[in-house]
Amino acid sequence: MTVQDSIMPHDTTQKSSLLHIYWQRFRRNRFAVAGVFVILLLFAASIGAPLITPYHPGTIDAYHVLLPPSADHWFGTDELGRDVFTRMIYGARISLKVGFVAVGIAVVIGTVVGLLAGFYGGWTDSILMRLVDIMLCFPTFFLILAVIAMLEPSIWYIMIIIGVTGWMGVARLVRAEVLSLRERDFVMAARALGASDFRIIFRHILPNAMSPVLVSASLGVAGAILTESALSFLGIGVQPPDPSWGNILTAGKDYIEFAWWLSLFPGLAILVTVLSYNLVGEGIRDALDPRLNQ
Amino acid sequence: MVTYLLRRILTLVPLLIGITLITFTVIHLAPGAPVEMQLDMNPKVSAESRERLRKFYGLDKPLHVQYVAWLGKLAKLDFGQSFAPDNRPVLDKIKERIPVTLRLNIIALILEFALAIPIGVYAATHRDTLADKGITIFVFIGFAVPTFWLALLLMYLFGVKLGWLPISGLQSLGYEKLSWWGQLWDQAKHLVMPIGVATFGSLAGLSRYMRSNMLEVIRQDYITTARAKGLSERVVIYRHALRNALLPVITLLGFSLPALIGGSVIFETIFAIPGMGQLFYQGVMARDYPLVMGILVIGAFLTLVGNLVADVCYALADPRIRHGQK
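Residues numbered from 1 in each chain as written. Chains lettered and ligands numbered in written order. Predicted model: local features only at pLDDT ≥ 70, side-chain atom pairs only at ≥ 80, totals over all residues. Heavy atoms only, no water.

(A) Quick peek at the packing of helix α5 (residues 84-120) of chain A against helix α11 (residues 197-233) of chain A. Residues and elements named next belong to chain A. Interaxial distance between α5 and α11 falls to 7 Å at its minimum, and their mutual angle equals 145 degrees. Between α5 and α11 the crossing geometry is right-handed. Considered class by class, the residues forming the contact of α5 with α11 number 18 nonpolar, four polar and two charged. (Axes fitted to C-alpha atoms, helices over the stretch in contact; angles between N-to-C directions. Helix = DSSP H or I, 4+ residues; strand = E, 2+ residues; numbered from the N terminus. Left-handed = near helix turned anticlockwise from the far one by under 90°. Nonpolar A, V, L, I, M, F, W, Y, C, P; charged D, E, K, R; others polar.)

Below, the structure is given as structure tokens:
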């Protein structure tokens, strides 16, 4: 009977790997599974958009302006007679893309900063962590707006800026993990075997520090989608005529007295998507560390 | 305590320098110098203001000289003049907007804490009951609702459909003619929706945080001790547990400031409230560089002060911090 067995009695069968245990726990969380389902559905819809809807997102139809929802136009039409449902499906492409690219950037920057700060400590740590403190002082939304003011609005800039202003949380998480990991025996062992810093950091420490990052990434995607929609709503994100959930809502605001459907559906779409990512994030967290929710 | 305070204030210096450096970098992100290429193509900026900008930043000089010169001006609180047609000093423009935004945000902050703390405590002490589950669902939806969308829905419901509340501005027409009470009532009616939206925006996060803090504290040995002593549940929860659960919330107070200020761009723009957020948005749209830089620096500075105040409060509340025990 090893120590491990006494800690994890149900792990004695040997066949269930750690990953399998995580998956089992995750699967038991109905909300998280529902979240995954919704996200997959959204991806499928946005990829297969031309198959789902007979309309084109940019077709202007002066005879069918601001029609309420009907069998022909499920979510009604906008001020230029475009089908709102179609525009929302195409808009989903942008929202999903923004979430992934922005968070990808944030995770890469945050992970590298956190690894360096935690592993080397001393001056490297002080300087990098002061940088984190400084970045956290700026109201993020102000910083994003200011950068966009300097550049031409483009969806790629938006993704990069959301990423570049959103890595600080990840950096702190990773640093905290690394601080405890670098004192562990397996790091000592790797060092004794003559492994380089680079190898120790990326082969031994990084894989062990990734689980909190996964949670934070999932929640980050939700945040990035919210930010993009707010920017597009304010007219500095996705530029018309390209559809995005945020900029459909801009029209919704202008026509709020005549066309409630322009405001209701895109907002609901954002809500459901963000909610799904949050549920998945929480699900991963509970699966990785059930202690938190007991 | 004094040493703690001094040490804490000293750490502000590098942060301040960093803030100005980043702001300076942002303004120089535009391809070429901030004036040259970008503004040549931008008809919104006149030749006159281009010349003024060039002179203000000394753009003929190398970058580090420009930075130091700008820093010197900042130290004298000289943020330059706005590019807008009124041409007024940026500082004056910001000064008249700050009270509006601060008042709104402070009311929202107070409401948020007044609601979130009881919600969180209730959820934690009634764990896994129907009420706790209801609160959890509310929290998750609160996290996911885009605030600008919520603002739109409220405007539609209370402004357009029911006609109970005004949908924009801070005062009605003929405000001056109203009695003192009338003015107060009028202001209150204008503020209900913006403050409601601002509060709701961070309510979910804070109550969730409060709930998990409380759950963490209830597990501690001193709570078991208190219960074992035979203290009533009320005393255990409100005197022993709550105090300790509130400690980390103080830090959060400082952190929620940038989010609130940043969020004010959205609801001030939607509800047409003449605050800093709206001014900033207008500055961004008009490429009013001095204004954008000025607000960015001041916004970050306000956050810094907020964090400092939060830290000092934390030190006052928690002797472990005050005496430098790690």
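That was the structure; now back to the text.
(B) Fine view of unusual backbone geometry. In the segment running from Pro240 of chain A into Pro241 of chain A, the intervening peptide bond is cis, with an omega of 10 degrees. Structurally, the position occupied by Pro241 of chain A is in the loop between α11 and α12 (245-254). Phi at Ala272 of chain B is positive, roughly 50 degrees, even though this residue is not glycine. Among the secondary structure elements, Ala272 of chain B is positioned in the loop between α11 (233-270) and α12 (276-285).

(C) Layout of the interface of chain A and chain B. At the interface, 46 residues of chain A touch 49 residues of chain B. Both sides together, the interface formed by chain A and chain B hides about 4,300 Å², and carbon and sulfur atoms give 78% of it. If you sort the residues of chain A by the area they bury against chain B, Cys137, Phe142 and Met150 of chain A come out on top, with a joint share of 18%. Across the chain A-chain B interface, the total number found is one salt bridge. (Contact = heavy atoms within 4.5 Å. Buried area = accessible area lost by both parts, 1.4 Å probe. Salt bridge = Lys/Arg side-chain N within 4 Å of Asp/Glu carboxyl O.)

(D) Spatial organisation of the confidence of the model for chain A. Residue and element names in this part refer to chain A. Across chain A, pLDDT averages 85, with 93% of residues at or above 70. Looking over chain A, one finds the lowest element-wise mean pLDDT in helix α1 (residues 3-7), namely 44, and the highest in α5, namely 92. Contacts of residues 1-15 to residues separated by more than four positions or lying in other chains number five contacts, the stretch itself having pLDDT below 50. (pLDDT = per-residue confidence, 0-100.)

(E) Quick look at the environment of Ser172 of chain B. All names here are of chain B. Summarising the element assignment, Ser172 is placed in the loop between α8 (147-161) and α9 (180-218). Taking the C-alpha atoms as reference points, Ser172 and Val121, separated by 51 residues in sequence, lie 40 Å from one another. With near-sequence residues (within four places) excluded, Ser172 lies in contact with Asp186 and His190.

(F) Quick look at the packing of helix α13 (residues 260-288) of chain A against α8 of chain B. Viewed as axis vectors pointing N to C, α13 of chain A and α8 of chain B meet at an angle of 145 degrees, and their least axial separation amounts to 10 Å. The way α13 of chain A lies across α8 of chain B gives a crossing that is left-handed. On α8 of chain B, the residues touching Trp260, Ser263, Leu264, Gly267, Leu268, Ile270 and Leu271 of chain A of α13 of chain A are Phe148, Trp149, Leu152 and Tyr156 of chain B. Here the contact of α13 of chain A with α8 of chain B is built from residues that sort into nine nonpolar, two polar and no charged.

(G) Layout of helix α2 (residues 12-27) of chain B. Along its 16 residues, α2 of chain B runs 23 Å from first to last C-alpha, staying within 8% of the 22 Å computed at 1.5 Å per residue. For α2 of chain B, the complete set of buried residues consists of Leu12, Leu15, Gly18, Ile19, Thr20, Ile22, Thr23, Phe24, Val26 and Ile27 of chain B. Those residues of α2 of chain B hidden inside the fold are in contact with α6 (122-137) and α7 (140-150) of chain A together with α1 (2-10), α5 (63-75) and α13 (289-317) of chain B. (Expected span 1.5 Å × (residues − 1). Buried < 20%, exposed > 50% of the residue type's maximum accessible area, 1.4 Å probe, protein only.)

(H) Layout of α13 of chain A. With 29 residues, α13 of chain A extends 42 Å from end C-alpha to end C-alpha; this agrees with the ideal 42 Å at 1.5 Å per step. For α13 of chain A, a buried count of 23 out of 29 residues is recorded, marking the element as mostly surrounded by other parts of the structure.

(I) Region of interest: the nonpolar core. Residues and elements named next belong to chain B. Counting 149 residues, the largest nonpolar core has Ile94 and Phe280 as the members making the most contacts within it. When near neighbours in sequence (up to four residues on either side) are disregarded, Ile94 contacts Met276, Leu279, Leu291, Gly294, Ile295 and Ile298. In this structure, Phe113, Ala124, Leu242 and Leu260 belong to the second largest nonpolar core, which totals 22 residues. (Core = buried A, V, L, I, M, F, W, Y, C linked by side-chain atoms within 4.5 Å.)

(J) Spotlight on the pattern of salt bridges. All names here are of chain A. This structure, assessed with the given rule, holds 13 salt bridges over all chains. Between Asp78 and Arg87 there is a salt bridge, with the nearest N and O atoms lying 3.8 Å from each other. Comparing Asp78 with Arg87, the two get one shared label, buried. Each of Asp78, Arg82 and Arg87 takes part in a single network of salt bridges with overlapping partners.

(K) View of the side chain of Thr86 of chain A. All names here are of chain A. Note that Thr86 resides in helix α5. You can call Thr86 buried: its relative accessible area is 0%. In terms of polar contacts, Thr86 uses its side chain to reach the side chain of Asp83, at 2.5 Å. Excluding anything up to four places from it in sequence, Thr86 contacts Thr53, Tyr55, His56 and Pro57. (Polar contact = N/O pair within 3.5 Å; in protein donor to acceptor, adjacent residues only side chain to side chain.)

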